[in-house]
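What follows is each chain in one-letter form.
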Amino acid sequence: MAQLRLTDFFGRTKAATGASAKRGGGRRLKAALPGPPVHREAEEDGALAGLSAHPPPLPGSPRTPSRSGSPAVPGLAGRKRSRREMEGESPVGARPGEPSGKSARKRLEMHRDAEPGLPAAVGRCCPALTLCPLPTQEDLAGLRCRLQRVKALAQLAQLPPVPATATADLRSRLERVRQLELRIREKKAGSRAVPGAQLSGDTESTAPAAEAGEKPPAYQRFHTLAQDVPPGLTLPYKFKVLAEMFRSVDTIAGMLFNRAETITFAKVKQGVQDMMRKQFEERHMGQIKAVYPTSYRLRQEKNIPTFGNGVKKSDYQLTLEPVLGEEEKVDGRPHLSASRLLERRREFNRNLVNIVKQHHKAFLAALSPPMVVPEEKLTRWHPRFNVDEVPDISPAELPQPPQEDRLTTAQEVLSTARGMLTPKMEKALANLALRTAEASAGEPVVSKAPSPASTSSALKGVSQALLERIRAKEAQKLQALMMRDPRQEERLAMLGRLPAMARILRNVFVAEKKQALTMEVACARMAESYDAQMPPGEMEKHLRLFAELLPDWVGLHAIRTDTYIKLDKGKDLGLITERLTKAAKEAEAL
């Protein structure tokens, strides 16, 4: 460090002079401050012999000099060292073999490990720079080895040239991907336009989601799985939503009607949307009117108090009035009771089921061979009949407010302003009216019935008579399935579970080591061992069915207030399982 050299310097001078001086103290104070490791140049020649011959021991670490006017180096009293003294002494940090007469200002302290042959020009341009050692031969060899490895890896990373045929193939595939992406975007744009048309209050029916190409969400496709009732004549999801809307409309209309308050569509709409968290428009009201025409009497009325809902009192509003019989009166006034609300709801559901039955009947008539099932005996839909693909209900026409002096067609505009338009505008309006009349007189669109199943290519060579017999037998089986009683369906499900339960029942008696068990104990042990969750009441039905089908294996004995079940453990379990399987097949064939 610079402080150590400076301490060494004024320690030696103090020993040589033995006196202090105040002159030149400011310059020696500057030299005492930390600075770059260089020696101060001697400005005047002098003679101080013996400084480098016997250097005194180094003192302790110096302290920072005070800022007072006292001199920092008491050993030098205004004298300047000569150039000969500087050349005579050996500077601190000098290398062996280096001449000691060099100027300290132009000398650069090099690193101890640096090469001796380093050019002196570096020291001249950067006096305060401490240089690092030059790389050795070993370092250069390591760098050359790494450079060779990088070049080898770069040669391996070079890919072979792509042939022209592969490039054309990749371009064609990329073009197909772009076309598919464009189709998907167009389909998404079309699907976004459909909900906007439904919320705009348009009275025209919209196509179902299946026809539009949009796959309905899972909660709509599998809504029947969330029901705790056995499968039967289930309704489409959109019909269920409409039935829930009718229930909400009936609830709100009943409260307003019993309070003798005018029922407007605006009040009903707000209430239904608050109850269902779904959008309710005039189109849904038209569908309710189409399904249940005698439910409400709809009118357009004005001068109805609005109470600041944004509608003028002089404007026309759609009003609803429930249609009730003469016998439904309380204190001489019609009253919509809770029992009547329940009856109206059931009537609405029956009408929805009848609508689906009509589409199901058309589906059966289009099959090959066609099937005819009486509606009163129908208990479930055909397995291949997709209920959710039933088209939406066309809304009935609602009363519209009277429109006076309002032109809606080109013919009315032409007849009204015949003398006020230019001939060119009259000709354009006449052409428009003619095209509108031709479009309205076009043929009505006929709904497409499902085409009969054609003969598959895999059945070529098979006799047509054999195919007809197989199809007739399959149609007969499906017809029996659609007309099956729900109680018979439950019995078939129980028969299918009996073969697995027979093994569990025998194991229970073997484990208990008893000839007879009470019904409660047997049902509890069976419910614990069966793989499906089943209450003891349902398990008792299965045990009684065992006694009905196999009286020689399972017997029931009522003693006082308890019922005991007895099992013959000597019977072969394989024969018992075979008899139960045969009974299930016979019941299914009926």
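You'll find the protein entered in an unreviewed UniProt entry as CDT1 factor, with Phaetusa simplex given as the organism. Checking UniProt for the protein, the heading Sequence similarities (unreviewed entry) contains the comment "Belongs to the Cdt1 family."

(A) Local environment of the packing of helix 15 (residues 486-512) against helix 18 (residues 573-589). For the pair helix 15 and helix 18, interaxial distance at closest approach is 10 Å and the crossing angle is 175 degrees. As judged from the angle between their axes, helix 15 and helix 18 are roughly antiparallel. Contacts between helix 15 and helix 18 involve Gln488, Leu492, Leu495, Leu498, Pro499, Ala502, Arg503 and Arg506 on the former and, on the latter, Leu573, Ile576, Thr577, Leu580, Thr581, Ala583, Ala584, Ala587 and Glu588. Here the residues of the contact of helix 15 with helix 18 sort into 11 nonpolar, 3 polar and 3 charged.

(B) Focus on the packing of aromatic side chains. Applying the stated criterion to the full structure yields 6 aromatic pairs. Ring centres 5.9 Å apart and planes at 50 degrees place the aromatic pair Phe246 and Tyr292 in the tilted group. In this pair, Phe246 sits in helix 8 (residues 237-258) while Tyr292 sits in the loop between helix 10 (282-291) and strand 2 (296-301), placing the two residues 46 residues apart along the sequence. For the pair Phe246 and Tyr292, a shared accessibility class is recorded, and that class is buried. With a centroid separation of 5.4 Å and an interplanar angle of 55 degrees, the aromatic rings of Phe363 and Phe385 are classed as tilted. Linking Phe363 in helix 11 (residues 338-365) with Phe385 in the loop between helix 11 and helix 12 (410-416), this pair joins segments that are 22 residues apart in sequence. Judged by relative accessible area, Phe363 falls into the buried class, the value being 14%.

(C) Spatial organisation of the pattern of salt bridges. Scanning all chains against the criterion turns up 20 salt bridges. Across the salt bridge formed by Lys541 and Glu538, the nearest N and O atoms sit 3.6 Å from each other. In this pair, Lys541 and Glu538 both sit in helix 17 (residues 536-549), 3 residues apart, roughly one turn of the helix. Taking the relative accessible area as the measure of exposure, Glu538 reaches 28% and is therefore partly exposed. Asp552 serves as the salt-bridge partner of Arg579, at 3.3 Å between the closest nitrogen and oxygen.

(D) Broad picture of the environment of Leu364. Within the element layout of this structure, Leu364 appears in helix 11. Take Leu364: its relative accessible area is 3%, and that puts it in the buried class. In sequence terms Leu364 and Arg384 are 20 residues apart; their C-alpha atoms lie 10.0 Å from each other.

(E) Spotlight on helix 16 (residues 519-529). Taken together, the buried positions of helix 16 are Met519, Ala522, Cys523 and Met526. Seen along its axis, helix 16 keeps its buried residues to an arc of 95 degrees; they face one direction. Among the exposed residues of helix 16, those oriented more than 90 degrees off its buried face are Glu520 and Glu528.

(F) Summary view of the nonpolar core. Val249, Phe280, Met285, Tyr296, Leu320, Phe348 and Leu352 are the most contacted members of the largest nonpolar core, which totals 49 residues. Among the elements of the structure, helix 8, helix 9 (265-276), helix 10, strand 2, strand 3 (317-322), helix 11 and helix 14 (464-482) are those that each provide at least two residues to this core. Examining the composition of this core, we find that 12 residues originate from one element, helix 8, more than from any other. Excluding anything up to four places from it in sequence, Met285 contacts Phe265, Phe280, Tyr296, Leu298, Leu320 and Leu398.

(G) Here's a closer look at helix 10. Helix 10 sits mainly inside the fold: 7 of its 10 residues count as buried. Listed in full, the buried residues belonging to helix 10 are Arg283, His284, Met285, Gly286, Gln287, Ile288 and Val291.

(H) Here's a closer look at the sheet that holds strand 7 (residues 554-559). Spatial ordering of the open sheet is given by 6-8-7, a layout of 3 strands whose pairing is antiparallel. Since the sheet does not close on itself, it has two edges, and those belong to strand 6 (516-518) and strand 7, each with one partner. Taking each pair of neighbouring strands and ignoring which way they run, the sheet shows an average axis angle of 30 degrees. Here strand 7 runs beside strand 8 (residues 562-567); their pairing, made up of 6 bridges, is antiparallel. Looking at strand 8, one finds that Gly555 is bridged to Lys566.

(I) How the structure looks around the pairing of strand 3. By the criterion of burial, strand 3 is predominantly enclosed, with 5 of the 6 residues buried. Inspection of the sheet shows strand 1 (residues 263-264) paired to strand 3 by 2 bridges, in the antiparallel sense. From the neighbouring strand, Thr264 faces strand 3, where its bridge partner is Thr319. In the sheet, strand 2 pairs with strand 3 via 6 bridges, with the strands oriented antiparallel. Of the residues in strand 3, the one forming a bridge with Leu298 is Leu320.

(J) A look at the packing of helix 16 against helix 17. As a packed pair, helix 16 and helix 17 sit with axes 9 Å apart at the nearest point and diverge in direction by 105 degrees. Considering their axes alone, helix 16 and helix 17 lie roughly perpendicular with respect to each other. Judged by residue contacts, Met519, Ala522, Cys523, Met526 and Ala527 of helix 16 engage Pro536, Met539, Glu540 and Leu543 from helix 17. Class assignment for the residues of the contact of helix 16 with helix 17 results in 8 nonpolar, no polar and 1 charged.

(K) Highlighting unusual backbone geometry. Here the bond from Ser368 into Pro369 is cis, since omega is 0 degrees, no more than 30 degrees from zero. With respect to the element layout, Pro369 can be found in the loop between helix 11 and helix 12. Positive phi, normally seen in glycine, also occurs at Arg277, with a value near 60 degrees. Mapping Arg277 onto the fold places it in the loop between helix 9 and helix 10. Classification of Arg277 by relative accessible area gives exposed; the value is 67%.

Parameters at a glance
Residues numbered from 1 in each chain as written. Predicted model: local features only at pLDDT ≥ 70, side-chain atom pairs only at ≥ 80, totals over all residues. Heavy atoms only, no water. UniProt positions renumbered as here; feature names shortened; annotations may be inferred. Axes fitted to C-alpha atoms, helices over the stretch in contact; angles between N-to-C directions. Helix = DSSP H or I, 4+ residues; strand = E, 2+ residues; numbered from the N terminus. Parallel < 35°, antiparallel > 145°, perpendicular 65-115°, else oblique. Contact = heavy atoms within 4.5 Å. Nonpolar A, V, L, I, M, F, W, Y, C, P; charged D, E, K, R; others polar. Phe/Tyr/Trp six-rings, centres within 6.5 Å; stacked < 30°, edge-to-face > 60°. Buried < 20%, exposed > 50% of the residue type's maximum accessible area, 1.4 Å probe, protein only. Salt bridge = Lys/Arg side-chain N within 4 Å of Asp/Glu carboxyl O. Arc of directions from axis to C-beta. Core = buried A, V, L, I, M, F, W, Y, C linked by side-chain atoms within 4.5 Å. Pairing = 2+ DSSP bridges.

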